[in-house]
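# Per-entry structural report
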Amino acid sequence: MKYIWNRGKILLLASALTFAITSCVDGYDDDHAWKSTVQNQQLTSPEESTIVIAFSADGLTQTISWPVVPGAGGYKLSVYDINDPDNPVTIVEDVVVDGIALKNIPSFDDTKFKLLITTLGNVKMNNTEAPTPTEKSYTNMLPTTAVIPTGTNLTQYFIDNPISADSIVDLCYQLEVGGTYTMTGDINQYLNTLVIRGDKVLTPHPVISISAGSFINDGGGFRLQYLDIDYTSYSEGNKNKALVQMNTTLNPAVVLSGNSSLVVPTSKPIILQSCNIKNMKSRLFDDGAKKYAIGTFLIKDCILGFDASEVNDGVIFCASGMIKDFTMTNSTMYNTRKVAGSNYFLRIHGGSAADILPKTETWGGGSCTLSNSTFFQCAYGGQTYNSNGKCWKQASDKLAVTKCVFVDSYGDGINHTGIIRRIRSSSNTQPFTADCNTYWYDGAFEQEEVDHGNGDKSGTAIDTDPLLVYDNNGGFTMSGATQISKRTGDPRWLPEL
């Protein structure tokens, strides 16, 4: 049996695996085949239309199930990632199942899959194996609403092809590989989920050059995936605007929560994935000073590049609302300018997750997670987090900063405790996890990040120079020996071991 954890890296299944593929009986007992009246037959594989694929809510795993083939002695399954059909990647191969379901198969974002399933013979019943497997192709990608041709002004495109203000549907627009696009004004998605994406596998990414405008969200899910954004022509005078802007006028169709918040449920996340943003001068997100409660906000595999004297009040700014679960992973954020200011990474003034009382979901605690990410010249003299509300300050919330590298970032003036103390809101109330972080400021390890009573008490902080070097074009190299051995920071800057 073969098993994949990362694209292109196939590993043998061992007993110590974190995930365990599970074969299940699911509705019939193990000796069903032995009781069958089907004997002395050439068996056939399950029909393609009867095979059911179910993805887990977090998108990390999938379950494949099928009906019983009478007289079968089991089933053999293989699953492949075929995003690049000329170079399929094995996920599982030749797994023998004695039931009618296979659970905990790894799944990946926006992936095309191919399944091969073969009915095995049964010696006791003298039934022989199916001569051919059944093949089923499937995907967890949203269907494409339209392909927008290269050279298009996206603002004008959505004027000519308006998104309906009266619908609540999923809309997915594909940009061409290597395409160039402009954006000169606002694009309103209303309550629809809007996805704008390039191709996950094929490069180069499409590039959107933004001179003005935001994506205006009334309360739907939103995703930018596999594309690049260039803010070079954007005026720094618009720094109070945002790439993703919640509507300042509440949509009359929304249903408010028990505490009068407008809930964007966890099933409709805001996601930036595999995007490279350059020369940004504005906020990344703004709640419009309204009580929006964002269920899930995810930044994954992104490079967020700023060229700004400051991003006023915060890169991610909620003046009245909140975010339940925020995650930044395998990403880099940097500023080309090493400047002080009243800047923040996250400034969230709304309530706690437990206060929201959604109509369609049950919210317990919230979370803020930073992992395997690199921060360079981010809010030099500023802070990671600031709030006069209750967000991420409760015992039911969870905070984690693991394997991150901070260089000349969030110095918090003379106190130099602008990272961990600020994320923890100077409190030990919330469960907090830290592991192998680097706090490097003005050429030295920032000891106060560890010594402060609400600092990093994990005992794992790396106190050596990460030797992080910016190439002045959105890229970095990191040659600090301990950081490399511990595999910390954005993985793309780490050399292969």
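Just so it is clear, the structure is predicted and the values come from calculations on it, not from any experiment. (Residues numbered from 1 in each chain as written. Predicted model: local features only at pLDDT ≥ 70, side-chain atom pairs only at ≥ 80, totals over all residues. Heavy atoms only, no water.)

### So, the overall build of the protein
Helices and strands together make up the secondary structure of the protein, namely five helices and 38 strands. Its C-alpha atoms give the protein a radius of gyration of 25 Å, within 12% of the compact-globule value 23 Å for 497 residues. Seen through its C-alpha atoms, the protein measures out along the principal axes to roughly 85 × 55 × 45 Å. Counting over 497 residues, the protein shows a buried share of 53%. Within the protein, residue pairs in contact and separated by at least 24 positions form 78% of the contacts whose partners lie at least 6 positions apart. For the protein, the exposed area adds up to about 20,300 Å²; of that, 50% sits on carbon and sulfur atoms. Counting 38 positive and 51 negative side-chain charges, the protein places the averaged centre of each group 4 Å from the other. (Helix = DSSP H or I, 4+ residues; strand = E, 2+ residues; numbered from the N terminus. Rg over C-alpha atoms; globule rule 2.2 N^0.38 Å. Buried < 20%, exposed > 50% of the residue type's maximum accessible area, 1.4 Å probe, protein only. Contact = heavy atoms within 4.5 Å. Areas by Shrake-Rupley, 256 points an atom, 1.4 Å probe, with all protein chains shown as cover. Lys, Arg positive; Asp, Glu negative; His and termini not counted. Charge placed at Lys NZ, Arg CZ, Asp CG, Glu CD.)

### Some points on unusual backbone geometry
The omega torsion across threonine 203 and proline 204 is 5 degrees, close enough to zero to call that bond cis. Relative to the elements of secondary structure, proline 204 occurs in the loop between β15 (193–197) and β16 (207–210). In this structure, aspartate 301 is a non-glycine residue whose phi angle is positive, near 60 degrees. By secondary structure assignment, the location of aspartate 301 is in the loop between β23 (292–300) and β24 (303–306). Its relative accessible area of 31% is what places aspartate 301 among the partly exposed residues. Of note, aspartate 442 is a non-glycine position whose phi angle comes to about 50 degrees, a positive value.

### Topic: the pairing of strand β4 (residues 52–55)
One ladder, built from four bridges, connects β4 with strand β5 (residues 61–65); its direction is antiparallel. Residue pairing for β5: phenylalanine 55 is matched across the bridge by glutamine 62. Hairpin connection from β4 to β5: five residues lie between these consecutive antiparallel strands, with glycine 59 at a positive phi of about 75 degrees. (Pairing = 2+ DSSP bridges.)

### Structural notes on the sheet that holds strand β25 (residues 316–318)
Spatial strand order, β14-β17-β19-β22-β25-β28-β31: seven strands in an open sheet with parallel pairing. Because the sheet does not close on itself, it has two edges, and the strands there are β14 (187–190) and β31 (383–386). Taken pair by pair, the neighbouring strands of this sheet meet at an average axis angle of 15 degrees, ignoring direction. Inspection of the sheet shows β25 paired to strand β28 (residues 344–348) by three bridges, in the parallel sense. Bridging from a neighbouring strand, isoleucine 316 pairs with leucine 346 of β28. (Axes fitted to C-alpha atoms, helices over the stretch in contact; angles between N-to-C directions.)

### Quick word on the confidence of the model for the protein
Averaged over the protein, the pLDDT score is 91; the fraction of residues at 70 or greater is 92%. Of the regions scoring below 50 in pLDDT, residues 1–19 engages in 40 contacts with residues more than four places distant in sequence or in other chains. Predicted confidence for residues 25–34 stays below pLDDT 50, and this span has 21 contacts to residues more than four positions away or in other chains. (pLDDT = per-residue confidence, 0-100.)

### As for the packing of aromatic side chains
Evaluated as defined, the whole model comprises 28 aromatic pairs. Their ring planes at 85 degrees and their centres at 4.9 Å tell us that phenylalanine 158 and tyrosine 173 sit as a pair that is edge-to-face. Highlighted residues: phenylalanine 158 in helix α2 (residues 154–160) and tyrosine 173 in strand β12 (residues 170–175), separated in sequence by 15 residues. Looking at phenylalanine 158, the relative accessible area reads 8%, which means it is buried. Aromatic side chains phenylalanine 297 and phenylalanine 326 sit 5.6 Å apart centroid to centroid with 50 degrees between the ring planes, which places their arrangement in the tilted category. In this pair, phenylalanine 297 is assigned in strand β23 and phenylalanine 326 in strand β26 (residues 322–329), connecting sequence segments 29 residues apart. Ring pairs connect the aromatic residues Phe285, Phe297, Phe326, Phe345, Phe375, Tyr385, Trp392, Phe406, Tyr410, Tyr439 and Phe445, which therefore count as one cluster. Directly above the aromatic system of tryptophan 493 lies the positively charged group of arginine 492, at a separation of 5.9 Å from the ring centroid. (Phe/Tyr/Trp six-rings, centres within 6.5 Å; stacked < 30°, edge-to-face > 60°. Lys NZ or Arg CZ within 6 Å of the ring centre and 35° of its normal.)

### Regarding the environment of serine 427
Among the secondary structure elements, serine 427 is positioned in the loop between α3 (420–423) and β34 (432–435). For serine 427 and glycine 455, which are 28 residues apart along the polypeptide, the C-alpha to C-alpha distance reads 9.5 Å. A distance of 2.9 Å separates polar atoms of two side chains, one belonging to serine 427 and the other to threonine 429. (Polar contact = N/O pair within 3.5 Å; in protein donor to acceptor, adjacent residues only side chain to side chain.)

### A few points about the side chain of asparagine 437
By the element assignment, asparagine 437 lies in the loop between β34 and β35 (438–441). Apart from the residues within four sequence positions on either side, asparagine 437 is in contact with Val401, Thr402, Lys403, Cys404, Asp456, Thr460, Ala461 and Ile462.

### A word on the pairing of strand β10 (residues 134–139)
Alternating positions in β10 separate cleanly, Thr134, Lys136 and Tyr138 being buried on one face and Glu135, Ser137 and Thr139 remaining unburied on the opposite face. In terms of strand pairing, strand β9 (residues 112–119) meets β10 through six bridges, oriented antiparallel. Considered in β10, the bridge of lysine 112 is made with threonine 139.

### Points about the side chain of glutamate 449
By secondary structure assignment, the location of glutamate 449 is in helix α4 (residues 448–451). Arginine 421 provides the closest opposite charge to the buried, unpaired glutamate 449, separated from it by 7.4 Å. A polar atom in the side chain of glutamate 449 sits 3.1 Å from the backbone nitrogen of glycine 418. Dropping the residues within four chain positions of it, glutamate 449 is found in contact with Tyr410, His416, Thr417, Gly418, Ile419, Ile420, Arg421, Tyr439, Gly455 and Asp456. (Salt bridge = Lys/Arg side-chain N within 4 Å of Asp/Glu carboxyl O.)

### Here we look at the environment of leucine 494
Within the fold, leucine 494 resides in the segment after α5 (481–486). Since its relative accessible area comes to 11%, leucine 494 is described here as buried. Spatially, the C-alpha atoms of leucine 494 and glycine 480 are 9.5 Å apart, while their sequence positions differ by 14 residues. When sequence neighbours within four positions are dropped, the list of residues in contact with leucine 494 reads Met478, Gln483, Ile484, Arg487 and Thr488.

### Some details on the pattern of salt bridges
A complete count under the given rule lists 14 salt bridges for this structure. Where aspartate 307 meets arginine 337, a salt bridge forms, and the shortest distance between an N and an O atom there is 2.9 Å. Pair noted here: aspartate 307 is in the loop between β24 and β25 and arginine 337 is in the loop between β27 (332–335) and β28, with a separation of 30 residues, a long-range link. Of the residues examined, arginine 337 reaches a relative accessible area of 30% and is grouped as partly exposed. The closest approach of N and O atoms between lysine 390 and aspartate 355, which form a salt bridge, is 3.0 Å. Here aspartate 355 lies in the loop between β28 and β29 (367–371) and lysine 390 lies in the loop between β31 and β32 (398–402), a separation of 35 residues in the sequence. The partly exposed category is assigned to aspartate 355, whose relative accessible area is 28%. Sharing partners across several salt bridges, the network here consists of Arg283, Asp286, Asp313 and Arg347.

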